[in-house]
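One-letter residues, chain by chain:
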Amino acid sequence: MSGRPLPLLLLLVVAQASLAWMDAPPPPPPSSAGHRRAARANPFPDSRMDAQSEKQRRDFMKETSEVLEALLQDYDSRLRPQFGGKPVQVNVTINVDSLGPVLETEMSFRVDFAFRQYWNDERLRFNTSRNEKITLSHEFLSRIWLPDTYFPESLS
C-alpha cells in the first residue's frame, strides 16, 4: 500500500445549518433522544384549542412570518457573514454511522456519516415579543448563505 491517502466513497452527507442566532450553544446532535423530543414539542401543548389559544397561535404565526420576511428583505445570500471583515468560523461535527469495507486493491473505503455545520450570521439576528428561537425547514437554506463544503478525492 502506498503513502497516498485513501479516496473517500461518500454515501450519505446530511448537512444541517444550525444558525447560532443568540450566542447559545448548538443543539444536541440529531441522534440524541433530547433532539427528537424537542423537534416534536408543540408550542401550544393543550390539544383543546379554544378561541383564545387559536388567536394566540394565529398571532404567533403572523409575527413569525413578519420576522422572516424582514430578515430576508435586504439579505444577500451571495455574501458571507461579516463580508469585508474577519473570516466566518464554521463549526463542524461528524457522527460516523459505519465504516467499511476497506478495499486495499482499489485504495478506497466506504463511510456513512451525518455531517453538521453551524455558524453565527449576525444579519439573521431578530427580536420578537416572545424572545424565542425560530425553527425553520430545510427550504429556508436556499435563501441564506451556506459554506462551500467539499470533500477532496471523494468518489460518488
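Report follows, based on the coordinates. Keep in mind that what you see is a predicted model, and the values were worked out from it rather than measured.

Before going further, it helps to examine the overall build of the protein chain. Each helix and strand in the protein chain was counted, giving 2 helices and 5 strands. Counting from the amino terminus, the protein chain carries its helices and strands in the arrangement β-β-α-α-β-β-β. Counting across all 156 residues of the protein chain, residues that qualify as buried make up 22%. Sequence separation of at least 24 residues holds for 75% of the intrachain contacts in the protein chain that already meet a minimum separation of 6. Per element, the accessible surface of the protein chain, about 11200 Å² overall, is 53% carbon and sulfur.

With that settled, the discussion passes to the nonpolar core. Nonpolar side chains in soluble globular proteins tend to be buried together. Counting residues in hydrophobic clusters, the biggest one holds 13 residues, and the most contacted among them are Leu71, Tyr75 and Ile144. Per-element tally for this core: the top contributor is helix H2 (residues 51-72), with 4 residues.

Before going further, it helps to examine the packing of aromatic side chains. Scanning the entire structure with this criterion turns up 3 aromatic pairs. Ring centres of Phe115 and Phe151 lie 5.4 Å apart, and the angle between their planes is 75°; this geometry places the pair in the edge-to-face category. Taken together, the positions of Phe115 in strand E4 (residues 108-119) and Phe151 in the loop between E4 and strand E5 (154-155) put the pair 36 residues apart, joining distant regions of the chain. Assessed through its relative accessible area of 5%, Phe115 is described here as buried. Ring centres of Trp119 and Trp145 lie 5.5 Å apart, and the angle between their planes is 90°; this geometry places the pair in the edge-to-face category. With Trp119 in strand E4 and Trp145 in the loop between E4 and E5, the pair connects residues that are 26 residues apart, well separated along the chain.

This brings us to the pairing of E4. In regular strands, side chains alternate between the two faces of the sheet. Of all 12 residues in E4, 10 are buried, a share of seventy percent or more. In terms of strand pairing, strand E3 (residues 91-103) meets E4 through 10 bridges, oriented antiparallel. When the bridges of E4 are listed, Leu99 appears paired with Val111. Counted between consecutive antiparallel strands, the loop separating E3 from E4 contains 4 residues, among which Met107 sits at a positive phi close to 50°.

Take unusual backbone geometry next. With an omega dihedral of 0°, the bond running from Gly100 to Pro101 counts as a cis peptide bond. Within the secondary structure layout, Pro101 lies in strand E3. The phi dihedral of Gln82 is positive, around 60°, even though this residue is not glycine. Note on Gln82: relative accessible area 33%, which makes it partly exposed.

Thresholds, definitions, all that
- Residues numbered from 1 in each chain as written.
- Predicted model: local features only at pLDDT ≥ 70, side-chain atom pairs only at ≥ 80, totals over all residues.
- Heavy atoms only, no water.
- Helix = DSSP H or I, 4+ residues; strand = E, 2+ residues; numbered from the N terminus.
- Buried < 20%, exposed > 50% of the residue type's maximum accessible area, 1.4 Å probe, protein only.
- Contact = heavy atoms within 4.5 Å.
- Areas by Shrake-Rupley, 256 points an atom, 1.4 Å probe, with all protein chains shown as cover.
- Core = buried A, V, L, I, M, F, W, Y, C linked by side-chain atoms within 4.5 Å.
- Phe/Tyr/Trp six-rings, centres within 6.5 Å; stacked < 30°, edge-to-face > 60°.
- Pairing = 2+ DSSP bridges.

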